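This is what each chain is made of:
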Amino acid sequence: MNITGKLKLNIRTKLILCFIMLLTVPIIISGLLIFNKSYSVLDKRELESAKQRILQLQTKLDTYIQKIESLSFDISFNEDIQNMLINYTNFRFMSMEEEFRIFNRLFGISRLDECSVFYIKLLNTNNQIISIGTLHRENNNFDSSFIDSNKKNVWVGPYKSYTYNTNAEHNIISFYRKIINPYKSQFIGISRIDISETSLRDLYTSDVQLKGVQTFILDENNIIVSSLKDDEVGKNFDELVQNKVRLDKEIDHLSLNVNGTNCMLVYNTLKSNSWKIVILYDILSFNQHGKLLKTYIFVIVILCLIFCIIFSIIVAKIILNPLNQLIRAIEKVETGNLNVSIPIATNDEFALLSRSFNSMVIRIKELINKTIKIQRQEMRAEALYLQSQINPHFLYNTLDTIRWTARKNNDLEVSEYIEALSNLFKHLLIRDNEFTTFADELDNVKNYMLIQTRRFEDRITYEMDIDEDILPLYTLKLILQPIVENSIVHGLKNKTNNGRIIISGRIESGQVIISVADNGAGMEKSYLEQLMTDSSKKSLTINNIQTRIQLHFGSAYGLKIESEKNKYTKVTLTLPYLKSMPRWEDYSETFNS
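Reading the values: rules and limits
- Residues numbered from 1 in each chain as written.
- Predicted model: local features only at pLDDT ≥ 70, side-chain atom pairs only at ≥ 80, totals over all residues.
- Heavy atoms only, no water.
- Helix = DSSP H or I, 4+ residues; strand = E, 2+ residues; numbered from the N terminus.
- Buried < 20%, exposed > 50% of the residue type's maximum accessible area, 1.4 Å probe, protein only.
- Contact = heavy atoms within 4.5 Å.
- Areas by Shrake-Rupley, 256 points an atom, 1.4 Å probe, with all protein chains shown as cover.
- Pairing = 2+ DSSP bridges.
- Axes fitted to C-alpha atoms, helices over the stretch in contact; angles between N-to-C directions.
- Lys, Arg positive; Asp, Glu negative; His and termini not counted.
- Salt bridge = Lys/Arg side-chain N within 4 Å of Asp/Glu carboxyl O.
- Core = buried A, V, L, I, M, F, W, Y, C linked by side-chain atoms within 4.5 Å.
- Expected span 1.5 Å × (residues − 1).
- Parallel < 35°, antiparallel > 145°, perpendicular 65-115°, else oblique.
- Left-handed = near helix turned anticlockwise from the far one by under 90°.
- Nonpolar A, V, L, I, M, F, W, Y, C, P; charged D, E, K, R; others polar.

> Can you help me understand the overall build of the protein chain in this one?
Helices and strands together make up the secondary structure of the protein chain, namely 18 helices and 17 strands. Considering the protein chain as a whole, with its 593 residues, one finds that 39% of them fall into the buried category. The contacts in the protein chain between residues at least 6 apart in sequence include a share of 62% that link residues at least 24 apart. For the protein chain, the computed accessible surface area is about 35200 Å², with 54% contributed by carbon and sulfur atoms.

So, in structure tokens, the structure goes:
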């Protein structure tokens, strides 16, 4: 479907649209391909960066947890500590300050500070306690459950607790270890090191200060051990993200839809225990470089589109300037102004078109002048023709009077010849149409031959072999009689006897073929070749007939001459098959060509 045709756009608009399409479509496609490829590369790079970030967090957390577990091991297997638990007396320590000095002497206060220990509790088999740190309302059910279990150590929590002195709420995470006498394999008690969840949070807070990024530490049951938000600690991660999440690999990533938001989840498993570090990215904020790239490409494409539009308008104007000049010149010619000439400043197709237009205008002026001259000549010829009509008509009327006088005197032979001569004059004088039927044209030949056979007595005879289907068909007037006359004058005139003319006609391949053959003087081949271009009377007759036929019917029709010296001459006419009287428009195209 021709869209521009439907919209009736001018050439300038079509050119601009074509240029814009040709220039912008590749730009847009290239921009999309570059963006998709670059975004994919940046996406992979961001994912690798996220994995590197989570590996760094894993290292920090593993180091911290190993410090806690190492401290727990040192406390639990310290010989002095074990002796205190075994030989516990209610008045062994005078105060909490005394207990602090004991721990400081045994393990160093800096070590406790490095581990950000919130509270340490040692419990023997008699439920007697040695402790240091911030006392809080602990849940003794965890102690009992661990004592009854087969585990040697375990991480428990988080759970909420309140300090006694300030009643402040804390999320507590505890590491339990059973204290065993290494020499007797005797169970002595348990050690518990409590840390605040904020101690874990401080390890990753500085690394994830990004919009749309959330960090979690999960235990083996997907319970949130640590988060940037206090109210999320202790909740089930699956419920938070409303997805059943399987984190069964060491390090991996997966896509999630959280509350209608597309997210990227990257996780890693700690080496020190079964906890998972999880970083949840909002997809929109995951690849910030990709978003910037999208913006840059969009701006570049818009600028390219603007450039293409401006470029297309300028190029279209440059291309169409010569065409507009031509259109303006044509409009002047339409108004009748032929004093128009287009200046030519280029050497392209428009220059060729302009030269052709200038030549055409000059030719039109010449043709108009020639037509005016011809019209004047025709008017003069028409006047002369009207004047000359008096003599032929007078001659025709006189011959008709003589014919009737001869018939009145019973001289029928003379009357017949005069009638034939009168019909010849009548055929020549009727000029209302240039066409006639083959029947009329052949009757004219018969009248002519009637006179000629009387003139030459028995020296010349003729015969006609004409297909009956040809007779009602139309052809040009006076194309057969001049050829027959040529046969007599140039072929048979000097023949003493047995002069013969054969006129035949047939229809072949939708064409009418008429031949006039005589057994007269004939022609040599060299003379025959010159005949069509010679200006002698004989040649002039043949050339006139050839010109008239091709002028009206085209170069496919005309006459052909065959001859042999002292033997024969044969003229063959090829004519169109015309069932009705032709009109000017029927052959004007042939004439114009």
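Next comes the rest of the write-up.
> Looking at this structure, I do not really get helix α15 (residues 481–492). What am I missing?
Each full turn of the α-helix corresponds to 3.6 residues, which orients residues three or four apart in the same direction. When you tally the buried positions in α15, you get nine out of twelve residues, the bulk of the element. For α15, the full list of buried residues reads Q481, P482, I483, V484, N486, S487, I488, G491 and L492.

> Would you explain the sheet that holds strand β6 (residues 213–218) in this entry?
Within a beta sheet, neighbouring strands are joined by backbone hydrogen bonds and run either parallel or antiparallel to one another. The strand order β7-β6-β10-β9-β8 describes an open sheet built from five strands, whose pairing is antiparallel. Because the sheet does not close on itself, it has two edges, and the strands there are β7 (224–227) and β8 (251–258). In this sheet, neighbouring strand axes are inclined to one another by 25° on average, regardless of whether the strands run parallel or antiparallel. Here β8 pairs with strand β9 (residues 261–269) via eight bridges, running antiparallel. Counted as the bridge partner of D252 is Y267 from β9. Helix α7 (residues 197–204) rests against β6 and β7 of the sheet, and its axis sits at about 55° to β7.

> What is the right way to look at the side chain of E69 in this model?
Within the element layout of this structure, E69 appears in helix α2 (residues 11–76). Salt bridges are absent for the buried E69, whose nearest opposite-charge side chain, R177, sits at 5.3 Å. Beyond its immediate sequence surroundings of up to four residues, E69 is in contact with W155, F175, R177 and S272.

> In this structure, what is going on with the nonpolar core? I would like to understand it.
Generally speaking, nonpolar side chains in soluble globular proteins are found buried as a group. The biggest cluster of nonpolar side chains holds 38 residues, and the ones touching the most others in it are I68, W155, L200 and W275. A per-element tally of this core places α2 first, with ten residues. Residue contacts for I68: discarding those within four places in its chain leaves C115, W155, F175, I193 and I195.

> Looking at this structure, I do not really get the sheet that holds strand β1 (residues 117–124). What am I missing?
Here five strands make up an open sheet; going across it, the order is β2-β1-β5-β4-β3 and the pairing antiparallel. Each of the sheet's edge strands pairs with one partner strand only, and the pair in question is β2 (129–133) and β3 (153–162). With strand direction ignored, the average angle separating the axes of adjacent strands in the sheet is 20°. Judged from the eight bridges that link them, β3 and strand β4 (residues 169–181) form a sheet pairing that is antiparallel. Bridge pairing in β4 links V154 to Y176. Packed onto the sheet, helix α6 (residues 140–148) meets β1, β3, β4 and β5 (186–196) and runs at close to 30° relative to β4.

> Explain the pairing of strand β17 (residues 568–576) to me, please; I cannot follow it from the model alone.
The side chains of a regular strand alternate, residue by residue, between the two faces of the sheet. In terms of residue burial, β17 counts as a mostly covered element, since seven of its nine residues are buried. Across eight bridges, strand β15 (residues 511–518) lies against β17 in antiparallel orientation. Paired with V512 across the two strands is L575, which belongs to β17. With seven bridges connecting them, strand β16 (residues 558–564) and β17 associate as antiparallel partners. Note on β17: the bridge partner recorded for I561 is V571. Between the antiparallel neighbours β16 and β17 lie three residues, among them N566 with a positive phi of about 65°.

> Looking at this structure, I do not really get helix α14 (residues 438–455). What am I missing?
The end-to-end C-alpha distance of α14 is 25 Å, a good match for the 26 Å that 18 residues give at a rise of 1.5 Å each. Of the residues making up α14, those classed as buried are F438, E441, L442, N444, V445, N447, Y448, M449 and Q452. Downstream of α14 by a residue or two, E457 has a phi angle that is positive, lying close to 55°.

> Please explain the packing of α14 against α15 as it appears in this structure.
Between two packed helices, what matters for the description is the angle formed by their axes and the separation of those axes. Where α14 contacts α15, the two axes come as close as 9 Å, and the packing angle between them is 25°. What the angle tells us is that α14 and α15 run roughly parallel. Judged by the twist between their axes, the crossing of α14 over α15 is right-handed. Residues E441, N444, V445, Y448, M449 and Q452 of α14 pack against Q481, V484, E485 and I488 of α15. Its residues assigned to classes, the contact of α14 with α15 shows five nonpolar, three polar and two charged.

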